[in-house]
Every structure is written in C-alpha cells, then in structure tokens.
Amino acid sequence: MSDLLTRVADRLAITDQIYRYCRAMDRIDHELGYSIWHEDGTADYEHNFQGTGRGFIDHVCSQHSHLLQHSHQMSNIIIELNGDYAGSESYVTATLRMEREGRLMQMTVLSRYVDRWSKREGRWALDHRRAVMEMDEIREVTPMKRHSGWARDRSDPSYEVLKG
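Report on the accompanying structure.

Another point: the nonpolar core. Of all hydrophobic cores here, the largest spans 27 residues; its most connected members are Y21, W37, Y45 and F56. Put simply, the parts of the chain that give this core at least two residues each are α1 (2-27), α2 (30-34), β1 (37-45), α3 (53-64), β3 (69-82), β4 (85-100), β5 (103-120) and β6 (123-140). The element contributing the most residues to this core is α1, with six residues. For W37, the residues in contact, after removing those within four places along its chain, are Y21, T42, A43, Y45, G53, F56, I57, R123, A125, L126 and R129.

Moving on to α3. For α3, built from 12 residues, the straight-helix expectation of 16 Å at 1.5 Å per residue is met to within 8% by its first-to-last C-alpha distance of 16 Å. Of the positions making up α3, those classed as buried are G53, F56, I57, V60, C61 and H64. Looking straight down α3, one finds its buried side chains confined to an arc of 125°; they lie on one side. Tucked inside the fold, the buried residues of α3 contact α1, α2, β1, β2 (49-52), β3 and β4.

With respect to the helices and strands, D84 occurs in the loop between β3 and β4. With relative accessibility at 41%, the residue D84 sits in the partly exposed group. Note: C-alpha distance between D84 and D10 (74 residues apart in sequence) is 8.9 Å. Filtering out sequence-adjacent residues up to four positions away, D84 remains in contact with W117, S118, K119 and W124.

A complete count under the given rule lists 10 salt bridges for this structure. The salt bridge involving E140 is made with R103; its shortest N-O contact spans 3.5 Å. In this pair, E140 is assigned in strand β6 and R103 in strand β5, connecting sequence segments 37 residues apart. The exposure class of E140 is partly exposed, given its relative accessible area of 46%. Between R139 and E137 there is a salt bridge whose closest N-O contact spans 3.2 Å.

Together, M1, L4, L5, V8 and L12 make up an exposed nonpolar region whose accessible area comes to about 540 Å². By the secondary structure assignment, M1 is in the segment before α1. For M1, a relative accessible area of 74% translates into the label exposed.

Across the sheet, which stays open at both edges, the six strands sit in the order β2-β1-β6-β5-β4-β3 with mixed pairing between neighbours. Sheet topology places β2 and β3 at the edges, where each strand pairs with a single neighbour. Ignoring strand direction, the axes of neighbouring strands in this sheet form an average angle of 15°. Note: β4 against β5, 16 bridges, orientation antiparallel. Across the sheet, E89 pairs through a bridge with V114, a residue of β5. Sheet contacts for α1: β1, β3, β4, β5 and β6; angle to β3, the most-contacted strand, approximately 160°.

Parameters at a glance
- Residues numbered from 1 in each chain as written.
- Predicted model: local features only at pLDDT ≥ 70, side-chain atom pairs only at ≥ 80, totals over all residues.
- Heavy atoms only, no water.
- Core = buried A, V, L, I, M, F, W, Y, C linked by side-chain atoms within 4.5 Å.
- Buried < 20%, exposed > 50% of the residue type's maximum accessible area, 1.4 Å probe, protein only.
- Helix = DSSP H or I, 4+ residues; strand = E, 2+ residues; numbered from the N terminus.
- Contact = heavy atoms within 4.5 Å.
- Expected span 1.5 Å × (residues − 1).
- Arc of directions from axis to C-beta.
- Salt bridge = Lys/Arg side-chain N within 4 Å of Asp/Glu carboxyl O.
- Patch = residues over 30% accessible without salt bridge, like charges linked within 9 Å, V, L, I, M, F, W, Y side chains within 5 Å.
- Areas by Shrake-Rupley, 256 points an atom, 1.4 Å probe, with all protein chains shown as cover.
- Pairing = 2+ DSSP bridges.
- Axes fitted to C-alpha atoms, helices over the stretch in contact; angles between N-to-C directions.

Worth remembering: the numbers are spatial, not functional.
Have a look at this one:
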C-alpha cells in the first residue's frame, strides 16, 4: 500500500508541475516558471527555442509581455514512473491574443509536451522538455465583450487565494 501511495503522490506532483507551468506562462511569472525545471534542465521547442529551461522561461515571458492576453490549457496527461525518474506526454492548447495593424488577432497553437522528469531532494522537476507542434492558426476575432478581473502578474486574484 505504501508503494501505491508513493506512486499516486509522485503522479500528482508531476501533474501539479505541468499545471504550474501554464500558470507561470499566463501570469508571466518567471520565478514560478523557473521552478518547473531543475537547474540543469533543458528545453527544445523546435525552431522557436533550444536551450536551458530557465532561458526558455525568460524567452517566452518576454514574448508574452507584448501580447494582450493568453491562456494555456493542458490535457491528456500520461505519466510513466520509474523510481525517481518519469516520462510524460501532455497536450497543450495555447491561445494568444494580439493587436496587429489595428485588428484583434487570435493565435491558437496545439502541441504535445514530451517530458523527462526526475525527483531530486524530494522535488519533481523537468530534466528535458521537447515540444512537438501539431497545429496552429491565426485569425481575426471579434470579442463578445471586454473582460476584466484578471492580471498577468502576481496581482492576479488567484495568487491571494492560492498563496503562490
């Protein structure tokens, strides 16, 4: 029973890291983003970025700061455990809004993250992420209304509730 509880806890810890990655992206939260990777972790986002996990967080936070809004969603998470090592695959949908030449544009990118994890000193974090882009599109959109009540930094109400 103890082994089963350890495996369940490990799966939840990895899943939590995957979700925290989305939160880091959507809140442009460098520190939270850094915590997803081990110090020596690497990222391969095909032609968009190859380098350290920390370098990727800096790169994407810089890119996102020029956007109006963005939302990252994860699904279909599969995790295979092998002691203090794990592999996972998860699907990500990134929806990004920007203004171009006076028009509101929305980009949607569908990808899969193929990740290698390890637990060091009791903490699961990424050793390597390979992002495989499946589909993308960009189109002009007409919003139904102007939304408020959220922020792309630590002033977002979720930080108070979750004490992130």
